[in-house]
Amino acid sequence: MSADPTDHASPTKAGPPAARLRRFFDLPGPKGLPLLGNALQIKPEAFHQILEGWTEQYGALFRFSIAERDFLCVSDPALNASVLKQRPEGFIKGPRLVQVCKELGFHGVFSANGEAWRRQRQIVLAGLDPAHLKTFLPSIEVVTARLRARWFSDAQSDREIDLMTDLMRYTVDVTTCLAFGRNLNTLEGGDHDVIQQHLNVIFPTLARRVLAPIDFERWLPKPGLRQHVEALQGAVQKFIREERQHIERRPELMQRPENLLQALIAACDRESAGLSDEDLSGNVLTMLLAGEDTTANTLGWLIWLLHDHPDEWKRARNEVDAIVGAGQIPRSTDQLSQLDFVEACANEAMRLKPVAPINIVQAAHDVVIGDVAVPSGVFVTCVMRPAGVDANRFDEPKAFRPTRWIDGTHAEGERMMGAKRVVMPFGGGPRVCPGRYLALAEIKMVMATLLANFDIAQMRTPEGGPAEYMSLTMSPVGLTVHLSPRAVSTSS
Ligand code: HEM
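- If you look the protein up in an unreviewed UniProt entry, it shows as Cytochrome P450 from Variovorax ginsengisoli.

Written as structure tokens, this is what we have:
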């Protein structure tokens, strides 16, 4: 229970006087049908846009329902931050998410609650901290060099590139280096069939089942799903067995693990009350679940936005040329940390196109959010984008203006200090994304490689830009490019 006076969502007894509170069921909201509630108004692939539309219509706090589940929708950034801060005790991951993750083999730090979450979080955090990232950079560099080689080959043959497919392969390869302790090399077709074909079926199933009004697939799974789940489990068990043998040969890895899988195995084997074998495999797969789509989709949106803004593209390229060198790829975390403008571009892309535009939690007990008394069990949907595109907080809020993220270089500098707390692409509170340093490193690696080595000869998108498609995360649809090699020496 939090007594923090900055908390705007507090357990009932610490909140405003009961007489001034609104009751959850009196809140405004879209009219629904008996039994179904608003289920028929919600298309899962546009869920975030529907909630953003309702936010404009009904305000920062409103209610809706999907079958028997009641939802409070919150878009005020202070309220959202406060809700996210009161985890894991005050707000939990809902039973549907936990159940589906368990069935599909992905139950780990992302879906765990309470003590189980706390234990797993410590281990995952240690594997993803900035210090680890440094030792991990050479592997990211190898994967980045493969992406560059693939794009060179496409550019020289004037082949159209399905950008999102390449970016997904890149993030899978980077994440598996970390999570499995090996490079699957899906970029060059390596073990692509083993992993990627299963993920392509399992990830959409997970998203569909979590968002569906009624989880029919629990009783009627799609044909073939079980085989994909079992095959993926088999592959992961094999990686774990091999890594265990590796540790047997080099026992010092128990004390100084070199990748996340080793850290998880060490924790699992060391503490009797620690992690089970199931936790181990669940967390390995959780890394793929949390690290693939998020980073690839953020890169997709960023590449599109930067291409659409030639002045910003030029400035980013000048920065990369000065720090990394034309025709090169970044070689150190030091170089990455100097790419301030590229990072500002990423922040601006995540403000306009947050790939996790909603974050759903469940009230673990009666709670007050703002001036609303919310009963235990209600799902709280934090809608993250409206605050980031609010004209009261940002000048020209819909415009792509990366300079607003560079302190002191812009009239908005002072307001932006506050705005960093308003735009929360990585979530907030104790469950804030532990992969954010890795994600930013990947984003800067790919952007620097693209800017230093290629020109975008042509980009094809639907009229008005790529459509937003919500599945596990919000992806850009219909993004294809033709690259051409930049006219500089590329020997590196
Ligand atoms: C641009 C890329 C990424 C974005 C935008 C992103 C965003 C998020 C968000 C919004 C959350 C929920 C936070 C909350 O509930 O407050 C989250 C959780 C998480 N992310 Fe990321 N993420 C990214 C990349 C990654 C990567 C690369 C990894 C690791 C390989 C990762 C691992 C995780 C994990 C394990 C969690 C669950 C944490 C917990 O519940 O304790 N993410 N991420």
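**Quick notes on the coordination of the iron atom of the ligand**
Now for step 1: Coordination of the iron atom of the ligand by the protein involves just one donor, C433 (SG), at a distance of 2.3 Å.
Now for step 2: Inspection of the secondary structure puts C433 in the loop between α15 (413-422) and α16 (436-453).

**Quick notes on the packing of aromatic side chains**
Now for step 1: Scanning the model with the defined rule gives 12 aromatic pairs in all.
Now for step 2: Ring centres of W54 and F62 lie 6.4 Å apart, and the angle between their planes is 90 degrees; this geometry places the pair in the edge-to-face category.
Now for step 3: On the basis of relative accessible area, F62 is assigned to the buried category, the value being 0%.
Now for step 4: Arranged with centres 6.0 Å apart and planes meeting at 70 degrees, the rings of W301 and W304 form a pair that is edge-to-face. Remark: W304 and W301 occur in helix α10 (residues 277-307); sequence separation between them is three residues, near one turn of the helix. With respect to burial, W301 and W304 carry one shared label: buried.

**Some points on helix α11 (residues 310-323)**
Now for step 1: In a regular helix each residue adds 1.5 Å, so 14 residues correspond to 20 Å; α11 covers 20 Å between its end C-alpha atoms and thus fits that length.
Now for step 2: Of the surrounding secondary structure, the elements contacted by the buried residues of α11 are α10, α13 (340-352), α16 and β11 (454-460).
Now for step 3: Immediately beyond the C-terminal end of α11, within one or two residues, lies G325, with a positive phi of roughly 105 degrees.

**Focus: the packing of α13 against α16**
The geometry of a pair of packed helices is captured by two quantities: the angle between their axes and the separation between those axes.
Now for step 1: At a minimum axis separation of 10 Å, α13 and α16 run at an interaxial angle of 115 degrees. Compared by their axis directions, α13 and α16 come out roughly perpendicular. The hand of the α13/α16 crossing is right-handed. Residues V342, E343 and A346 of α13 pack against L440, I443, K444, M447 and L451 of α16.

**Some remarks on the nonpolar core**
Now for step 1: The biggest cluster of nonpolar side chains holds 126 residues, and the ones touching the most others in it are F64, F106, W151, L167, Y170, M447 and L483.
Now for step 2: The greatest single-element share of this core, amounting to 14 residues, is contributed by α10.
Now for step 3: Setting aside residues no more than four positions away along its own chain, Y170 makes contact with I140, V143, T144, L147, L187, E442, M445 and V446.
Now for step 4: Of all hydrophobic cores here, the second largest spans 20 residues; its members include V83, I369, V374 and M384.

**A word on the environment of M168**
Now for step 1: Here M168 shows up in helix α6 (residues 163-179).
Now for step 2: Beyond its immediate sequence surroundings of up to four residues, M168 is in contact with E292, D293, A296 and N297.

**Some points on the site of the ligand**
Now for step 1: R87, W117, R121, R431 and C433 are the nearest of the 25 residues found near the ligand.
Now for step 2: In the model, a nitrogen atom of the ligand is placed 3.4 Å from a nitrogen or oxygen of the A290 main chain.
Now for step 3: Interatomic distance of 3.1 Å between a backbone N/O atom of G428 and an oxygen atom of the ligand.
Now for step 4: Contributions of two or more residues to the shell around the ligand are made by α4 (114-128), α10 and α16.
Now for step 5: The element contributing the most residues to the shell around the ligand is α10, with six residues.
Now for step 6: Tallied by class, residues from the shell around the ligand come to 13 nonpolar, nine polar and three charged.

**Things to note about the sheet that holds strand β7 (residues 358-363)**
Now for step 1: Strand order in the open sheet made by the five strands is β3-β4-β10-β7-β5, with mixed pairing throughout. Only two strands of the sheet have a single partner each, and these edge strands are β3 (61-66) and β5 (91-92).
Now for step 2: Note that β5 and β7 share two bridges and pair antiparallel. Bridge pairing in β7 links F91 to A363.

**Observations concerning the sheet that holds β11**
Now for step 1: If you walk across this open sheet you meet the three strands as β6-β14-β11, and the pairing is antiparallel. The sheet is open, and its two edges are formed by β6 (161-162) and β11, each paired on a single side.
Now for step 2: Contacts from α16 reach β11 and β14 (480-485) within the one sheet, and its direction differs from that of β11 by about 100 degrees.

**Brief notes about α16**
Helical geometry note: an α-helix holds 3.6 residues per turn, so side chains three or four residues apart project in the same direction.
Now for step 1: An ideal rise of 1.5 Å per residue puts 26 Å on 18 residues; α16 measures up with 26 Å between its terminal C-alpha atoms.
Now for step 2: Among the 18 residues that make up α16, 16 are buried, leaving the element largely enclosed by the rest of the structure.

**Looking at the packing of helix α8 (residues 225-249) against helix α9 (residues 260-270)**
Now for step 1: The geometry of α8 relative to α9 is characterised by a closest axis approach of 10 Å and an angle of 75 degrees between their N-to-C directions. By the angle class used here, α8 and α9 are roughly perpendicular. Seen from α8, the contacting residues are F239, I240, E243, R244, H246 and I247; seen from α9, they are L261, Q262, I265, C268 and D269.
Now for step 2: For the contact of α8 with α9, a count of residues per class yields six nonpolar, two polar and three charged.

**Focus: empty space enclosed by the protein**
The gaps of empty space that remain are located by a probe, the size of a water molecule, rolled over the atoms.
Now for step 1: For the structure on display, the rule yields three cavities of 30 Å³ or more.
Now for step 2: There is about 70 Å³ of room inside the second largest cavity.
Now for step 3: As for the second largest cavity, its lining consists of G127, L128, D129, H132, L133, T135, F136, L178, E258, N259, L260 and L438.
Now for step 4: Going through the elements one at a time, α4 and α5 (130-156) are the ones with two or more residues in the lining of the second largest cavity.
Now for step 5: Here the element with the most residues in the lining of the second largest cavity is α5; it accounts for four residues.
Now for step 6: Per-class residue counts for the lining of the second largest cavity are six nonpolar, four polar and two charged.

Scoring rules and cut-offs
Residues numbered from 1 in each chain as written. Predicted model: local features only at pLDDT ≥ 70, side-chain atom pairs only at ≥ 80, totals over all residues. Heavy atoms only, no water. Donors = N, O, S within 2.8 Å, 3.2 Å for Na, K, Ca; no water. Helix = DSSP H or I, 4+ residues; strand = E, 2+ residues; numbered from the N terminus. Phe/Tyr/Trp six-rings, centres within 6.5 Å; stacked < 30°, edge-to-face > 60°. Buried < 20%, exposed > 50% of the residue type's maximum accessible area, 1.4 Å probe, protein only. Expected span 1.5 Å × (residues − 1). Contact = heavy atoms within 4.5 Å. Axes fitted to C-alpha atoms, helices over the stretch in contact; angles between N-to-C directions. Parallel < 35°, antiparallel > 145°, perpendicular 65-115°, else oblique. Left-handed = near helix turned anticlockwise from the far one by under 90°. Core = buried A, V, L, I, M, F, W, Y, C linked by side-chain atoms within 4.5 Å. Near = heavy atom within 4 Å. Polar contact = N/O pair within 3.5 Å; in protein donor to acceptor, adjacent residues only side chain to side chain. Nonpolar A, V, L, I, M, F, W, Y, C, P; charged D, E, K, R; others polar. Pairing = 2+ DSSP bridges. 1 Å grid on protein atoms, 1.4 Å probe; cavity = no way out; pocket = protein on both sides within 12 Å on 5 of 7 lines; lining within 4 Å. Points joined across faces, edges and corners; volume = space filled by probe spheres on them.

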